[in-house]
Amino acid sequence: MNLNPIRARAIVKKFGGTSVGTVERIEAVARLVAKARHSGQLPVVVASAMAGETNRLVALGNEIDSGYRGPAYDMLVASGEQVAIALLVIALTKLGVPAKPLLAYQLGIETDNVYSKARIKNVRTSELENLLAQNIVPVIAGFQGVDEDKNITTLGRGGSDTTAVALAAALKLGACEIYTDVPAVFSADPRLVPRAREIARLSFEEMMEMASLGSKVLHVRSVEIGAKHGVRIHVRHSFLEREGTWIVPEGEIVENPVVSAITHESATSVFKLLHIPAETAFMAKLFSALSLKGVSIDIISQSELEKGYRLAFSVSAEDAPLVQGVLKGFLPPGIESQMLDGVAKVSTVGVGMRNHPGVAARFFTVLAKEGIQVHLVTTSEIKISAIIDRARLETAARALHTEFALDV
Ligand code: ASP
Ligand code: MG
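I will try to describe carefully the structure that is included in this document. Keep in mind that this is a model prediction, so the values were computed, not measured.

Another aspect to go through is the packing of aromatic side chains. Throughout the structure, instances matching the rule amount to five aromatic pairs. Among the aromatic residues, those joined into a ring-pair cluster are F271, F287 and F313. Between the NZ or CZ atom of R69 and the centre of the ring of Y73, over which it lies, the distance is 4.1 Å.

So this is what it looks like as structure tokens:
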């Protein structure tokens, strides 16, 4: 089959939970899809579960056993998407648009078997290509996959973005549309920083940092896949007919500000251990024990004291109880541990930082001026992050936003 004419018109459109949050909205999405099709596009639709539904399913499972992870968990939490795509196809059919709902196993979105955090290994495109050739709209459940043993898997919270970008990559398309309830990616969360501005273009690398530093706009894996396969991602509002933010290769951005965005994560916890032994083996064992429990460590800092060492590390607040459990069994007597909750992480991100010295100086000067204490710091070529008291997060984020000339 010659795919080129199809490829030129095919476009993946992903709709998030709020965009399909009610039957009225589902009908509005169906109208948007019908309109795109009438204008000559061949839409490939991906949908998330209706807003709040995945949380509800997670809570139901937790009521029985919050420690359970395995195929039944993924089957449970993946079910919200099945409802959403079925409703969307009913709405499309009502408008006279031929459409077919597809779960991940029906289409062939193949993943590994790491339940609740599975990674896509392969996407079969034959069924999609057949449907597109017949001008039928495929409507695909986001967030889910199927493993080798035919178990249903899920890609991690927010994973429908990843389904969408992976489908675009498999179809060798140059772009993917992510429809959401915000008009664009902002230079900071507007609820925290009212003077945040919309960003027209961001590099894949910046968006990856932002997503892993707490911005919830896109699933980080979707940006990685976009970068790897050259799929530009257009984040836009579902019901406003205008452009939002384009995530593109860095070379396509003419002028980069020094800092593109301030991101934050409000629920963080820091653990401090005092007088740990100097041997690296201690850290190796500690972090192995934590990783066995599925804790992902964020920042680590170690410093020498007169006697022994001090170790501090941060995790998401969600993982703090797991860390406490591990420490209880692990720490030999004589090692003091202390947990700081009520802390948050604030970060500046920008590829422009590479060519501009002095960003760290400005970052700490701003925090110092506000009298904000820094508990932990980490940097990369394009970001600086600090853990600070949560009560000072708003002040810190606003002051940094102003300092780096991002205010509207
Ligand atoms: N419904 C899933 C979640 O809430 C996936 C997604 O929305 O992208 O995490
Ligand atoms: Mg999302």
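Structure's up, so let's keep going.
Before going further, it helps to spend a moment on the site of ligand 1. Near ligand 1 you find S48, A49, T54, E81, F143, R157, G158, G159 and S160, and these make up its full shell. E81 places a polar side-chain atom, nitrogen or oxygen, 2.7 Å from a nitrogen atom of ligand 1. G159 places a polar main-chain atom, nitrogen or oxygen, 3.4 Å from an oxygen atom of ligand 1. Here ligand 1 loses 85% of its free accessible area of 270 Å² to cover by the protein chains. Split into classes, the residues belonging to the shell around ligand 1 amount to two nonpolar, five polar and two charged.

Our focus in this paragraph is the sheet that holds strand β15 (residues 309-316). Across the sheet, which stays open at both edges, the six strands sit in the order β14-β15-β13-β16-β18-β17 with antiparallel pairing between neighbours. Bordering the open sheet on either side are β14 (297-304) and β17 (374-380), each of which pairs with just one other strand. Mean inter-strand twist for the sheet, computed between neighbouring axes without regard to direction, equals 25°. Sheet topology places β17 next to strand β18 (residues 383-389); six bridges connect them, and they run antiparallel. Along β18, the bridge assignment pairs S380 with K383. Lying on the sheet, helix α10 (residues 280-292) is in contact with β13 (261-276), β14 and β15; it crosses β15 at an angle near 20°. Those strands touched by helix α11 (residues 320-330) are β13, β15 and β16 (336-349), and its axis lies near 10° from that of β13.

About the criteria used
- The residue numbers shown here count from 1 along each chain, following its written sequence.
- Lettering for chains starts from A, numbering for ligands starts from 1, and both go in the order in which the items are written.
- Reporting in this predicted model follows two pLDDT cut-offs: at least 70 for local features of residues, and 80 or more for side-chain atom pairs to be given and counted; totals over whole chains, interfaces and linings ignore these cut-offs and use all residues.
- To get the side-chain values, all heavy atoms of the structure are used, and hydrogens and water are removed first.
- Side-chain rings of Phe, Tyr and Trp, where Trp is taken by its six-membered ring, are said to pair if the distance between their centres is within 6.5 Å; with planes under 30 degrees apart they count as stacked, over 60 as edge-to-face, and otherwise as tilted.
- A positively charged side chain is recorded as over a ring if its NZ (Lys) or CZ (Arg) lies within 6 Å of the ring centre. The angle to the ring normal must also be within 35 degrees.
- Only heavy atoms are used to decide nearness, and a residue is near a molecule or strand if one of them lies within 4 Å of it.
- Any N or O atom pair separated by 3.5 Å or less is treated as a polar contact, with the protein-specific requirement of one donor-capable and one acceptor-capable atom, and with residues adjacent in sequence counted only for side-chain atom pairs.
- Accessibility throughout is a Shrake-Rupley quantity obtained with a 1.4 Å probe, and a residue counts as covered only by protein chains that appear here.
- Following the grouping adopted for this structure description, the nonpolar residues are Ala, Val, Leu, Ile, Met, Phe, Trp, Tyr, Cys and Pro, the charged ones are Asp, Glu, Lys and Arg, and the polar ones are all others, Gly among them.
- Only when DSSP finds a minimum of two bridges between them are two strands counted as paired.
- Numbering of helices and strands starts at the N terminus; helices are DSSP runs of H or I of at least 4 residues and strands are runs of E of at least 2.
- Note on geometry: axes are lines fitted to C-alpha atoms, helical ones only across the stretch in contact, with angles between N-to-C directions running from 0 to 180 degrees.
- By definition, residues are in contact when any of their heavy atoms lie within 4.5 Å.

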